[in-house]
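Notes for the structure review
Listed below are the residues making up each chain.
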Amino acid sequence: MSSPAIQSALAQMQTLATQAGGQVAKGQQVSTQVGQGGFAGELQASIQRINRLQQTSNAKAMAFQAGDPNVELNDVMVDMQKASVAFQMGLQVRNRLVSAYRDVMNMQV
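Before going into details, it helps to say that this report is about the structure given with it. Please read these numbers as outputs of a predicted model, since none were measured by experiment.

From N to C terminus, the protein chain includes three helices and zero strands. The 109 residues of the protein chain split such that 9% are buried. Considering only residue pairs separated by 6 or more positions, the protein chain has 42% of its internal contacts joining residues 24 or more positions apart. When the accessible area of the protein chain is evaluated, it comes to approximately 9200 Å², of which 57% is carbon and sulfur surface.

The subject of this paragraph is the environment of leucine 97. Structurally, the position occupied by leucine 97 is in helix α3 (residues 73-105). Assessed through its relative accessible area of 35%, leucine 97 is described here as partly exposed.

This part is about the layout of surface pockets. In this structure, the largest pocket encloses a volume near 960 Å³. Taken together, the elements giving at least two residues each to the lining of the largest pocket come down to α1 (3-20), α2 (38-65) and α3. By residue number, the principal contributor to the lining of the largest pocket is α3, which donates 10 residues. Partitioned by chemical class, the residues of the lining of the largest pocket number 18 nonpolar, four polar and four charged.

The next subject is α2. When the terminal C-alpha atoms of α2 are compared, their 41 Å separation across 28 residues agrees well with the 40 Å that a helix rising 1.5 Å per residue should span. Taken together, the buried residues of α2 touch α3. Phi turns positive, to about 95°, at glycine 67, one or two residues after α2.

This part takes up the packing of α2 against α3. Helix packing for two helices is described by the angle between their axes and how far apart those axes are. Taken N-terminus to C-terminus, the directions of α2 and α3 make an angle of 150°; their axes are 9 Å apart at the nearest point. Taken together, α2 and α3 sit at an angle that is classed as roughly antiparallel. Taken as a pair, α2 and α3 cross one another with a handedness that is left-handed. Residues Phe39, Leu43, Ile50, Leu53, Gln54, Thr56, Ser57, Lys60, Ala61 and Phe64 of α2 touch α3, and the partners they reach there are Leu73, Asp75, Val76, Asp79, Met80, Lys82, Ala83, Ala86, Phe87, Met89, Gly90 and Leu97. Across the contact of α2 with α3, the residue classes tally to 14 nonpolar, four polar and four charged.

What follows covers a nonpolar patch on the surface. A cluster of nonpolar side chains, contributed by Phe39, Leu43, Ile47, Met89, Val93 and Leu97, occupies part of the molecular surface with about 530 Å² of accessible area. At the level of secondary structure, the elements contributing two or more residues to the nonpolar patch comprise α2 and α3. Secondary-structure assignment places phenylalanine 39 in helix α2. The class of phenylalanine 39 is exposed, set by a relative accessible area of 56%.

Reading the values: rules and limits
- Residues numbered from 1 in each chain as written.
- Predicted model: local features only at pLDDT ≥ 70, side-chain atom pairs only at ≥ 80, totals over all residues.
- Heavy atoms only, no water.
- Helix = DSSP H or I, 4+ residues; strand = E, 2+ residues; numbered from the N terminus.
- Buried < 20%, exposed > 50% of the residue type's maximum accessible area, 1.4 Å probe, protein only.
- Contact = heavy atoms within 4.5 Å.
- Areas by Shrake-Rupley, 256 points an atom, 1.4 Å probe, with all protein chains shown as cover.
- 1 Å grid on protein atoms, 1.4 Å probe; cavity = no way out; pocket = protein on both sides within 12 Å on 5 of 7 lines; lining within 4 Å.
- Points joined across faces, edges and corners; volume = space filled by probe spheres on them.
- Nonpolar A, V, L, I, M, F, W, Y, C, P; charged D, E, K, R; others polar.
- Expected span 1.5 Å × (residues − 1).
- Axes fitted to C-alpha atoms, helices over the stretch in contact; angles between N-to-C directions.
- Parallel < 35°, antiparallel > 145°, perpendicular 65-115°, else oblique.
- Left-handed = near helix turned anticlockwise from the far one by under 90°.
- Patch = residues over 30% accessible without salt bridge, like charges linked within 9 Å, V, L, I, M, F, W, Y side chains within 5 Å.
- Salt bridge = Lys/Arg side-chain N within 4 Å of Asp/Glu carboxyl O.

Nothing here speaks to function; it is geometry throughout.
Following this line, the structure appears as structure tokens:
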């Protein structure tokens, strides 16, 4: 991931953190609109991104093991960490969704 992409991701995370805390960052507006795909579309897109990261890291690891001179160990390790972090994040989101579903189902009407 390039440096501008990292900076962009960091800025997005900081904006989301301030919005989650109920504060609006200077010069920013809080958007409450939902994307066109809705929740299911976003969830599916996230799962596909996680899958792509895992496939990329596996492909680089296999290429490195096969002795490809264009693949370096540090790139393999970074891609494997990205895939691992993305998978753990997806797992935590799933756990939170299941917990929220159970809470809603246990509510008395």
